[in-house]
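# Structural description and commentary
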Amino acid sequence: MNSRLPILYDKKPCYDIVFATDFQDLLSELKAFDIENRRICVVTDSHVSSLYGEEIMDILNGNCIKNVLYAFTAGEEQKTLTTVNDIYAFLIQEQFDRKDLLIALGGGVTGDITGFTAATYLRGIDFVQIPTTLLAQADSSIGGKTGVDFDGYKNMVGAFYMPKLVYMNVGALRTLDDRQFFSGFAEIMKHGLIKDSLFYEWLLDHMYEINDRDTDTLLEMVERSSKIKKLVVEKDPTEKGDRALLNFGHTIGHAIEKYKNFAMTHGECVALGMVAAAFISWKHEWLSMEEYYEIRDMFVPFNLPISLEDIEPEEILKLTKSDKKMEGNSIKFILLKKVGKALIDRTVTDEEILNAISEIRYVEDYE
Ligand code: GLY
């Protein structure tokens, strides 16, 4: 029996997350949405299509009016209005109307694009998330953020639009390459650090099982992480306040991502951003020195970087300030008051940021 987690929106039940280890129960979950009277378009990318496209289409065959698959070329650079445009054209050609359904099958890029297409096609049609990467399961499929990049700015155009269902098959995590797996893991670690010190300790205690991708451990990890994200997004669905806590590590992380021209994964950059933010939290005397070093070193067994060669602190600072998390002149920085409790701080100075970036700059030891 799969477990499920209801997500509320405006204090009312909105959609369920189903946690599973395969796709066996997907059809019965979808049948709750009257799919026999609907067309379904599975939107995915070229990579995930070759892994799971056929399996999902086989599940749908004969169970809806018709099912079609739209696969765009895999890659973050596809997260644009052009791809959305192409999907609109495909849906029109396939005569999709307002009662039909989209399924986002894949990682964060697929979920964001499909969600935004669903939010805007005919002023909104239903969509279901089937996240297949850890980044999408841990973060982007929960909470209704959808959108695309625009003119070099990440997630600049978008909408808050809730799915009807999120079906998380942790079995899909087995086909992820290591870099992608640990990229998603950074967001899981973030959830422990900002809200739940017991979960953070549990992650440390299960380091080997997580590295082995033991199914039961992954299931518990994704479920506990989702419960933390649920609490945050239910309280502040449209990021007017505390949802910003989820941006812990993202202010400097996004700047590094841009600086490195997206050659590093999101999670790698966020891990570096979290180390920098934990460093500032130590300098504010909220974390002890031991806690700071434990947080920093804890990324190592999960293949996440804690330092980086070739970064210019001034450049990263400039990029940090051009991030859309700026409000007026102050940066909304997320720091740790203690392990398991984050807060928003608007007082972080340029000098503190430069020091933190210098801290993560790799300098070779000389003898
Ligand atoms: N990824 C941050 C959020 O969902 O708000």
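Note that the structure is predicted; figures quoted are calculated from it, not measured.

### What about the nonpolar core?
- Counting residues in hydrophobic clusters, the biggest one holds 79 residues, and the most contacted among them are F185, L193, L203, M221 and F299.
- Ranked by the residues each element gives to this core, the list is headed by helix α11 (residues 266-283), at 12 residues.
- Excluding residues that lie within four positions of it along the chain, M221 makes contacts with L134, F185, I188, F199, W202, L203 and I210.
- Counting 23 residues, the second largest nonpolar core, distinct from the first, contains L26, Y52, I56 and I59.

### Focus on the pattern of salt bridges
- Within the structure shown, the criterion is met by 22 salt bridges.
- As a salt-bridge pair, K99 and D97 come within 3.8 Å of each other at their nearest N and O atoms.
- Take K99: its relative accessible area is 40%, and that puts it in the partly exposed class.
- We note a salt bridge from D242 to K235, for which the minimum N-O separation is 3.1 Å.
- Through salt bridges that share partners, R39, D97, K99 and D100 make up one connected network.

### Focus on the site of the ligand
- Near the ligand the following residues occur: D139, K145, K229, E239, R243 and L246.
- Between K145 and the ligand, the recorded distance is 2.9 Å, taken from a side-chain N or O atom to an oxygen atom.
- About the coverage of the ligand: the protein hides 88% of its 200 Å² of free accessible area.
- A class-by-class count of the residues in the shell around the ligand yields 1 nonpolar, no polar and 5 charged.

### Description of the pairing of strand β12 (residues 333-338)
- Bridge count for β12 against strand β13 (residues 341-345) is 5 bridges, and the pairing is antiparallel. Paired with L335 across the two strands is L343, which belongs to β13.
- The antiparallel hairpin formed by β12 and β13 contains 2 residues in its connecting segment, where G340 sits at a positive phi of about 95 degrees.

### Quick notes on the environment of S288
- Of note, S288 is situated in the loop between α11 and α12 (289-298).
- Placed 10 residues apart in sequence, S288 and A278 show a C-alpha to C-alpha distance of 10.0 Å.

### Some details on a nonpolar patch on the surface
- Together, L81, F150, Y153 and M156 make up an exposed nonpolar region whose accessible area comes to about 370 Å².
- If you trace the backbone, Y153 turns up in strand β8 (residues 153-160).
- According to the relative accessible area criterion, Y153 is partly exposed, its value standing at 40%.

### Observations regarding a positive patch on the surface
- Residues K195, K337, K338 and K341 make up a contiguous surface patch of positive charge.
- When you line up the elements, K337 lands in strand β12.
- According to the relative accessible area criterion, K337 is partly exposed, its value standing at 36%.

### Things to note about the environment of N211
- Residue position: N211 is located in helix α8 (residues 207-212).
- Here N211 falls in the partly exposed class, since its relative accessible area comes to 29%.
- Separated by 92 residues in sequence, N211 and N303 place their C-alpha atoms 9.5 Å apart.
- With sequence-adjacent residues up to four places away left out, N211 is seen in contact with F182, P301, F302 and N303.

Definitions and limits used
- Residues numbered from 1 in each chain as written.
- Predicted model: local features only at pLDDT ≥ 70, side-chain atom pairs only at ≥ 80, totals over all residues.
- Heavy atoms only, no water.
- Core = buried A, V, L, I, M, F, W, Y, C linked by side-chain atoms within 4.5 Å.
- Buried < 20%, exposed > 50% of the residue type's maximum accessible area, 1.4 Å probe, protein only.
- Helix = DSSP H or I, 4+ residues; strand = E, 2+ residues; numbered from the N terminus.
- Contact = heavy atoms within 4.5 Å.
- Salt bridge = Lys/Arg side-chain N within 4 Å of Asp/Glu carboxyl O.
- Near = heavy atom within 4 Å.
- Polar contact = N/O pair within 3.5 Å; in protein donor to acceptor, adjacent residues only side chain to side chain.
- Areas by Shrake-Rupley, 256 points an atom, 1.4 Å probe, with all protein chains shown as cover.
- Nonpolar A, V, L, I, M, F, W, Y, C, P; charged D, E, K, R; others polar.
- Pairing = 2+ DSSP bridges.
- Patch = residues over 30% accessible without salt bridge, like charges linked within 9 Å, V, L, I, M, F, W, Y side chains within 5 Å.
- Lys, Arg positive; Asp, Glu negative; His and termini not counted.
- Charge placed at Lys NZ, Arg CZ, Asp CG, Glu CD.

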